[in-house]
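Spelled out from the first residue to the last, the chains are:
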Amino acid sequence: MYKKPGRNPGVGINFHHHFAGDILRNIDQIDFIEVFTEKFFIKENDETLSKILENIPLVLHGLDLSIGSTGPLKIEYLDNLRSLLAGINFEWFSDHISLTHENNFEVGHLMPVQFSEENVSKISIKAKEVASLTDRPFLLENITYYYPIPGQSMAEESFISSILESADCGMLLDVNNLYINSKNHGYDPIKFLSKIPVDRVVEIHIAGGSFKHGMLVDTHANSVSTEVWDLFDEVCNRVPFNGVIIERDSNLDRLEDLIDEVNIAKKIMKNNGIYKSNI
Amino acid sequence: MSNLSGGSHESTQLLLAKLVTNPRLVREAIDSTDGFLAGFSMEEKQKQELIEFFKNHGVRFLASSQLLMKKRLDDIVDAMQVGRKIFSYELLREYFENYLEKTGLDEYVSKNPVVESILFCKYIISRENVDEREKIILDYDLTRNSVLQELMNDGRSYHSVIRDAETVSCAPYQMKVVIHPSVKIKEFPAGTSLLIKAIRNNASDDGVIFSSGKEILIFHKNWKKGGVATLKISPDTEKFIKILAYADSLGHAYDLLNEETGTELDVLRSVVTRFVESGLCVFQSVGRSYV
């Protein structure tokens, strides 16, 4: 039976190798840190990251589990994951409802999967397999998608909800992805929230996007927009989450810019009376 | 005619997964859908779904493909640590589009940027009109990234290794030198290391003169700082390193080197100390495994 973590670590950022020293110097402003799961598959000694992890909690975020692939999970990936989860102290771990490879063909990004009962079943079985590797919560994240896969039989919110319930796992709710999808596919993000099991949401992602090719795009390379902050404010009201990660992968000259966004998130949470509150 | 394996759903997902990695093919699928799909063996229902898909969502699918291509190129360029400083982004983009042009739908190419940067550098060297200086730099990048790729695929832990240079002096027969097996030693035209240094420092490399001679570069795991380091070495040092890697213990290596070169023990110790300090090697107790 899925059990929500009791801990509320607050607001953190995703780890940036280039800013590792700056993160350590600003550690008192960052409540926890998210590191790509696959970074730990490479057995490198990263002394600065080790020092960061001595100070603040860690959450793991995978990119390449490819739980939406038609075939089974890759044995090598599972072995690496099992070994990592057994040897590191972390709060929870997550990956995306998507695929990064199909039938051994590497796509190179998070590709949407067909919203269908067949995929609910396949993904749920795999999610249970992954969750069984540890007693810490496993979360699945909603991705940005720009096109539907042909032959779909379910709406996005039904698809995600069915997977979470069937796999009995937690959710990483990416507010930027929700905002972008709602604009690109023309739906109300608040109604979306009312249709998913929000009590399963453990982590929130907030990031910036931009307008390209006639649509909103999830870039992780821009500041968080006012619209996404407003939606986050609504999320604070409706979703009993544990922690927030501000994501930025590129186009960042100073860590201070990310710290400013950490402080905005803290302020919104404080205004809603939920910053580091008991779950 | 391609026959995509699996049921109709698997086929559609796989076809779109392949297509989205190549905007040129996406354009082809949108512009002449019937002709494009005629190249595949599929059920009529699946064909009709794909025709509807390209009609209704083709523009966004193409946009997604273009975004993916840019990100893929950006990551590859980022992995080309020296090459990215001598080629403009626009030129690399042109080369990348040509590279994709040569990549068919059924070619299973790794999308890991380090791995793909190796393929991309090899492609530029063999198929694009680049001069000797540019070829040297691309060869340097691909050699460095080949070592990095092997490091990334190395799942072993090295908790028991000793990084202390003072260890060199004590118990040499109980200590084995560990040089990571990804190490690569390669000959380049003389002047290459100066050229690379100038480019890395954003300085002019006009003064770098290539002679007909060769210089030897070693690309190795940097045990001190992580990642890959490069050193210019002499033929004698190359021999020294190969004996260190071959010998059963540090003492055994000293014996072999002393026998072959007559070099005094103190000199050997000082060289090994320098190797440890530069991150080329570490030590391990004889008989211990990597883990």
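All of the points below concern the structure found in this document. (Residues numbered from 1 in each chain as written. Chains lettered and ligands numbered in written order. Predicted model: local features only at pLDDT ≥ 70, side-chain atom pairs only at ≥ 80, totals over all residues. Heavy atoms only, no water.)

It is worth spelling out the overall build of chain B at this point. Each helix and strand in chain B was counted, giving 12 helices and 5 strands. Relative to the compact-globule value of 19 Å for 291 residues, chain B shows a C-alpha radius of gyration of 25 Å, a clear excess of over 25%. The C-alpha extent of chain B, read off along each of the three principal axes, is 80 × 50 × 25 Å. Across the 291 residues that make up chain B, the buried fraction comes to 49%. Counting only contacts in chain B whose residues sit at least 6 apart along the sequence, the fraction spanning at least 24 positions is 72%. Averaging the positions of the 37 positive and the 41 negative side-chain charges in chain B gives two centres separated by 3 Å. (Helix = DSSP H or I, 4+ residues; strand = E, 2+ residues; numbered from the N terminus. Rg over C-alpha atoms; globule rule 2.2 N^0.38 Å. Buried < 20%, exposed > 50% of the residue type's maximum accessible area, 1.4 Å probe, protein only. Contact = heavy atoms within 4.5 Å. Lys, Arg positive; Asp, Glu negative; His and termini not counted. Charge placed at Lys NZ, Arg CZ, Asp CG, Glu CD.)

Here the focus is the nonpolar core. In this structure, I23, L173, I204, F232, F241 and I246 of chain A together with L19 of chain B are the most contacted members of the largest nonpolar core, which totals 108 residues. Examining the composition of this core, we find that 9 residues originate from one element, helix α4 (residues 44–79) of chain B, more than from any other. Beyond its immediate sequence surroundings of up to four residues, L19 of chain B is in contact with L25, V26, A29, F36, F54, F61, S65 and L105 of chain B. Among the nonpolar cores identified, the runner-up in size contains 24 residues, and L244, L268, V272 and V276 of chain B belong to it. (Core = buried A, V, L, I, M, F, W, Y, C linked by side-chain atoms within 4.5 Å.)

Residues and elements named next belong to chain A. Put simply, helix α4 (residues 117–131) and helix α5 (residues 156–167) touch, their axes get as near as 8 Å, and they point 40° apart. Comparing the axis directions of α4 and α5 gives the class oblique. Considering how the two elements wind past one another, α4 and α5 form a crossing that is right-handed. Across the interface between the two elements, N119, V120, I123, S124, A127 and K128 from α4 touch F159, S162, I163, S166 and A167 from α5. Tallied by class, residues from the contact of α4 with α5 come to 6 nonpolar, 4 polar and 1 charged. (Axes fitted to C-alpha atoms, helices over the stretch in contact; angles between N-to-C directions. Parallel < 35°, antiparallel > 145°, perpendicular 65-115°, else oblique. Left-handed = near helix turned anticlockwise from the far one by under 90°. Nonpolar A, V, L, I, M, F, W, Y, C, P; charged D, E, K, R; others polar.)

This paragraph deals with helix α9 (residues 192–200) of chain B. Residue and element names in this part refer to chain B. Those residues of α9 that fall on the buried side of the exposure criterion are T192, L195, I196, A198 and I199. An end-on view of α9 places all buried positions within 160° of arc, on one side of the element. Among the exposed residues of α9, those oriented more than 90 degrees off its buried face are L194 and K197. Looking at the buried residues of α9, the elements they touch are α5 (83–86), α8 (132–152), β2 (184–189) and β3 (214–221). Note on α9: the residue one or two positions beyond its end, N202, has a positive phi of about 55°. (Arc of directions from axis to C-beta.)

All right, on to the pairing of β3 of chain B then. Residues and elements named next belong to chain B. Counting buried positions along β3 gives 7 out of 8 residues, so the element sits mostly inside the fold. Bridge analysis of β2 against β3 gives 6 bridges, and the strand direction is antiparallel. Bridge pairing in β3 places F188 opposite E215. Pairing between β3 and strand β4 (residues 228–233): 6 bridges, direction antiparallel. In the strand pairing of β4, K221 is matched with V228. (Pairing = 2+ DSSP bridges.)

Moving on: the pairing of strand β6 (residues 105–111) of chain A. All names here are of chain A. As defined by bridge partners, strand β5 (residues 99–102) adjoins β6 across 3 bridges and the pair is classed as antiparallel. When the sheet's bridge partners are listed, E102 is paired in β6 with F105. Between β5 and β6, which pair antiparallel in sequence order, lie 2 residues; one of them, N103, sits at a positive phi of approximately 55°.

Residues and elements named next belong to chain B. Strand order in this open sheet of 3 strands is β2-β3-β4, and the pairing throughout is antiparallel. Since the sheet does not close on itself, it has two edges, and those belong to β2 and β4, each with one partner. Geometrically, the sheet is characterised by an average inter-axis angle of 30° between neighbouring strands, direction not taken into account. Sitting on the sheet, α8 is in contact with β2, β3 and β4, with an inclination near 175° to β2.

The values reported here are purely geometric and, on their own, carry no functional implication.
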